[in-house]
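If you want the building blocks of each chain, they are given just below.
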Amino acid sequence: MVIFVILQLKNTCKSRVRWKCYLLEILVLLILSLSTTFSILWLFLVFFKRKTLKVSHLKPLPKCMGKGRDNLNDDGATIFKQSSLQLTFSEVVHITNNFSKSNVIGDGGSGIVYKGVLPSGQLVAVKKLGKARDQGSREFLAEMEAIGSVKHNNLIPLLGFCSLGGEKLLIYEFMVNGSLDIWLRNKPGELQALDWDIRLKIALGTARGLAFLHHSIVPPIIHRDIKASNILLDHKFEPRIADFGLARTLSVCGTHVTTEIAGTFGYIAPEYGQSWRSTTKGDVYSFGVLVLEIITGKEPTGPEFKDMEGGNLVGWVRGMVAKGKETECVDGKVFCESTVKAGMLKLLHLGLNCTN
């Protein structure tokens with residue numbers, strides 16, 4: 001009897017231990033399940049947050065200027081938020097005096113630029129893009145994506161935009177001193193020559209603007225049309241990179257593949273015409289040509305270079321430097337000052353390095 005009781009007690013103990021083990025196993029499984037669920041949820045939230053941050057860092061796009069019927073008609077309209085500057089199409093017509101010829105301050109391949117005056121008295125530049133739907137829409141969206149709400153001292157400030165049917169308008173701050181090419185190509189007696197300090201300021205400011213586009217924005221922006229006419233000058237001759245109609249964001253591999261040549265002859269890197277791939281190096285090459293323009297006062301192409309290597313300014317400067325005649329490359333209007341000689345020659349070689 002005692003043995004039977006002892007066996008029963010042992011069985012009872014084993015049963016209790018077994019149930020405790022079962023309960024412990026269930027508890028462990030429950031904890032593991034909750035931990036796994038929590039981990040998956042946490043990873044999802046981290047991924048979503050990173051994606052959100054990436055998109056927001058890309059540049060919150062600015063807002064549509066128009067009210068109601070003037071809003072962008074394209075499918076991308078939902079990505080634009082409302083801007084502090086709101087003008088209807090009729091108001092833009094009014095501030096440009098019905099797009100009067102007397103208000104035209106620029107006329108390029110992407111459209112005509114008019115001077116306008118806001119009700120507050122602020123001067124603005126209104127770019128009216130060409131009506132070719134594909135090209136106009138593409139350039140319109142390129143400008144918005146590139147500098148929609150990006151602020152930098154060396155990028156042209158985009159105040160807003162307006163779209164009505166086929167009409168697409170971009171409104172910028174007005175740059176009092178116009179474009180760099182006007183100053184470099186000035187006729188005797190019309191405009192004073194740029195002195196060395198101003199030329200150096202323009203070169204440095206343009207470099208800062210490009211560095212911002214290439215290194216401070218994710219993904220980077222390539223301008224694809226750096227040239228003297230796209231460098232605007234404010235009242236202090238601070239340069240502002242303008243005209244982002246050809247700008248593109250870079251892919252993960254650091255290139256943008258195109259099916260047509262983008263840019264201006266004389267500024268385009270030679271390898272671009274072979275690979276059809278745009279990179280930040282293309283902008284650097286164009287900047288190098290711009291620097292050589294600033295130093296020499298000469299245009300990137302012209303009949304005087306027809307017998308030179310490459311038939312352009314870059315080939316001419318390279319040949320002159322190889323012959324030890326680098327001082328003859330420099331614009332005589334500013335090179336007469338001996339105090340700036342070293343700085344100008346240093347900038348000349350920097351331009352050559354950019355075009356190497």
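These remarks concern the structure in this document. (Residues numbered from 1 in each chain as written. Predicted model: local features only at pLDDT ≥ 70, side-chain atom pairs only at ≥ 80, totals over all residues. Heavy atoms only, no water.)

**Looking at the nonpolar core**
Judged by nonpolar contacts, the single largest core of 62 residues is most densely connected at Leu180 and Phe244. It is helix 7 (residues 280-296) that contributes the most residues to this core, 8 residues altogether. Leave out the neighbours within four places in its chain, and Leu180 touches Leu194, Ile202, Ala228, Ile231, Leu233, Leu290 and Ile294. Grouped together as the second largest cluster of nonpolar side chains are 13 residues, Leu87, Val93, Phe99 and Ile171 included. (Core = buried A, V, L, I, M, F, W, Y, C linked by side-chain atoms within 4.5 Å. Buried < 20%, exposed > 50% of the residue type's maximum accessible area, 1.4 Å probe, protein only. Helix = DSSP H or I, 4+ residues; strand = E, 2+ residues; numbered from the N terminus. Contact = heavy atoms within 4.5 Å.)

**Focus on the layout of surface pockets**
When its volume is computed, the largest pocket comes out at roughly 750 Å³. Taken together, 31 residues form the lining of the largest pocket, with Gly106, Val113, Ser229, Asn230 and Leu232 sitting closest to its centre. Those elements that place two or more of their residues in the lining of the largest pocket are strand 3 (104-108), strand 4 (111-117), strand 5 (123-129), helix 3 (133-147), strand 7 (167-173) and helix 4 (180-184). The element contributing the most residues to the lining of the largest pocket is strand 3, with 4 residues. Here the lining of the largest pocket is built from residues that sort into 11 nonpolar, 12 polar and 8 charged. Put simply, the second largest pocket is a space of about 290 Å³. The wall of the second largest pocket is formed by 18 residues, among which Ile268, Ala269, Pro270, Tyr285 and Asn312 lie closest to the centre. It is helix 8 (residues 313-322) that contributes the most residues to the lining of the second largest pocket, 3 residues altogether. Taken together, the residues of the lining of the second largest pocket sort by class into 7 nonpolar, 8 polar and 3 charged. (1 Å grid on protein atoms, 1.4 Å probe; cavity = no way out; pocket = protein on both sides within 12 Å on 5 of 7 lines; lining within 4 Å. Points joined across faces, edges and corners; volume = space filled by probe spheres on them. Nonpolar A, V, L, I, M, F, W, Y, C, P; charged D, E, K, R; others polar.)

**Concerning the packing of helix 5 (residues 196-215) against helix 7**
Two elements in contact, helix 5 and helix 7, have axes separated by 11 Å at closest approach and are oriented at 175°. Regarding the angle of helix 5 to helix 7, the classification is roughly antiparallel. Contacts between helix 5 and helix 7 involve Trp196, Arg199, Ile202, Ala203, Thr206, Ala207, Leu210 and His214 from the first element and Thr280, Asp283, Phe287, Leu290, Ile294 and Ile295 from the second. Grouping the constituent residues of the contact of helix 5 with helix 7 by class yields 9 nonpolar, 3 polar and 2 charged. (Axes fitted to C-alpha atoms, helices over the stretch in contact; angles between N-to-C directions. Parallel < 35°, antiparallel > 145°, perpendicular 65-115°, else oblique.)

Read these as geometric descriptors, not functional statements.
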